[in-house]
Amino acid sequence: MNKKRKKIFLSILATFFFICIAGTGTVYYYLFYPQFHPSKTTYIYIDRDDTTDSIFNKIRKQGNPHSFNGFKWMSHFREYSKNIHTGRYAIKPGDNTYQLYSRLSRGYQTPVNLTIGSVRTLDRLVRSVGKQLMIDSAEIAMALYDSIFLEKMGYTEATIPCLFIPETYQVYWDVSAADFLARMKKEHDKFWNKDRLSKAQAIGMTPEEVCTLASIVEEETNNNAEKPMVAGLYINRLHAGMPLQADPTIKFALQDFGLRRITNQHLDVQSPYNTYLNAGLPPGPIRIPSPKGLDSVLNYVKHNYIYMCAKEDFSGTHNFASNYADHMVNARKYWKALNERKIFK
């Protein structure tokens, strides 16, 4: 090979290596160099109706990319439009295109914290879950009011609130209604372990009956220390065959939770939840009780009180009595305080 040909060959070889290095550098920059720089880990939520364009917009808005060309190229080359997964996905400071694309295309979600609250009605629970997850609240409601589902789960419309144990759970944002309810059943069974079941049996109650009584206790007082005392009072009434005469059940029967003063007129409401007219427990809970409320029944304080009245200082706690005469003394103090504050309903 003469010098001229050798020079041309070396020039071509150098050009080839330059192209290879430049190409490798370009690929590295767009695919493996950190491109996304949010100030902290942020999240995008991919819904059922999202398209590649809407997802791109979410990534741009949340991810603060230096360059988005690599992600668009990879999405086109790998046909991301045919492989979109719903869910909640993290964009971390320093993520490169390959990392983020792999996360999205493989459905590697980050769970969300789902809070099940101690709320008064199933409607409120359903709305709350619908706001926290991708599930349409109507999907959950349909299941909770479906007779076949209720029978399968062992509940009635009145007792289905007992399924839920208020707590914060980690779940996937796009969990289905069926999987959500299956998870709630799993957590319910986990809560009702052998120890709690044996305590309920010792009281002579099913878990649903414990739940129902706990819901009344929690409507009576927000004071956690007082809850076992209140539970003990109602258990005394049940064992004595006395009506519970729990004012919160009247509010539930009337669906008027703002009532501050229960009158004789209110006590006439015809409802199975009226514990002044009906003996024993109501058909189901009047709210979804918290774990503390449930445990306050299972670990109730044994005493001889059968009457209680809210304290006249409006502290949210109660005066207890073992006989009607002492109870009326407490009641008159409270009525006087209500009148002084002009609270008539």
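Residues numbered from 1 in each chain as written. Predicted model: local features only at pLDDT ≥ 70, side-chain atom pairs only at ≥ 80, totals over all residues. Heavy atoms only, no water.

In the nomenclature of an unreviewed UniProt entry, the protein corresponds to Endolytic murein transglycosylase from the organism Bacteroides fragilis. Per UniProt, the protein has the following entry under Catalytic activity (unreviewed entry): "a peptidoglycan chain = a peptidoglycan chain with N-acetyl-1,6-anhydromuramyl-[peptide] at the reducing end + a peptidoglycan chain with N-acetylglucosamine at the non-reducing end." For the record of the protein, the UniProt heading Sequence similarities (unreviewed entry) holds the text "Belongs to the transglycosylase MltG family." (UniProt positions renumbered as here; feature names shortened; annotations may be inferred.)

K.L.:
Before we go on, may I ask you to explain the nonpolar core in this structure?
P.N.:
Soluble, globular proteins show a tendency: their nonpolar side chains are buried together. Core analysis: the largest hydrophobic core is formed by 60 residues, its most contacted members being Ile116, Leu133, Leu144, Phe164, Phe180, Tyr234 and Val297. In terms of residues, this core owes the most to one element, helix H10 (residues 207-220), which gives 6 residues. Residue-level mapping places this core at the junction of two domains, with at least three residues from each of domain 2 (112-191) and domain 3 (194-303). Setting aside chain neighbours within four positions, we find Leu144 in contact with Leu122, Val126, Phe149, Leu150, Ile160, Phe164 and Leu181. Residues Phe36, Phe71, Met74 and Ile91 belong to the second largest nonpolar core, which totals 15 residues. (Core = buried A, V, L, I, M, F, W, Y, C linked by side-chain atoms within 4.5 Å. Buried < 20%, exposed > 50% of the residue type's maximum accessible area, 1.4 Å probe, protein only. Helix = DSSP H or I, 4+ residues; strand = E, 2+ residues; numbered from the N terminus. Domains from an automatic or database assignment. Contact = heavy atoms within 4.5 Å.)

K.L.:
Help me out: how do you make sense of the pattern of salt bridges in this one?
P.N.:
As a working rule, side chains carrying opposite charge can pair if their charged atoms are close by. In total, this model carries 11 salt bridges according to the counting rule given. Each member of the salt-bridge network shares a partner with another, and the members are Arg120, Glu219 and Arg287. (Salt bridge = Lys/Arg side-chain N within 4 Å of Asp/Glu carboxyl O.)

K.L.:
Before we go on, may I ask you to explain the layout of surface pockets in this structure?
P.N.:
Empty space among the atoms can be located by rolling a probe the size of a water molecule over them. As a volume, the largest pocket reaches approximately 1,400 Å³. Taken together, 43 residues line the largest pocket, and the ones lying closest to its centre are Glu220, Asp247, Ile262, Ala310 and Tyr334. When residues of the lining of the largest pocket are traced back to their parent elements, those giving at least two are H10, helix H11 (227-240), helix H12 (247-254), strand S5 (307-310) and helix H14 (324-340). Tallied by class, the residues present in the lining of the largest pocket amount to 22 nonpolar, 10 polar and 11 charged. Each of domain 3 (194-303) and domain 4 (304-344) contributes no fewer than three residues to the lining of the largest pocket. Taken as a whole, the second largest pocket spans an internal volume of roughly 250 Å³. As for the second largest pocket, its lining consists of 15 residues, and the residues nearest its centre are Thr121, Leu122, Glu157, Pro161 and Phe252. Lining the lining of the second largest pocket are residues from two domains, each supplying at least three of them: domain 2 (112-191) and domain 3 (194-303). (1 Å grid on protein atoms, 1.4 Å probe; cavity = no way out; pocket = protein on both sides within 12 Å on 5 of 7 lines; lining within 4 Å. Points joined across faces, edges and corners; volume = space filled by probe spheres on them. Nonpolar A, V, L, I, M, F, W, Y, C, P; charged D, E, K, R; others polar.)

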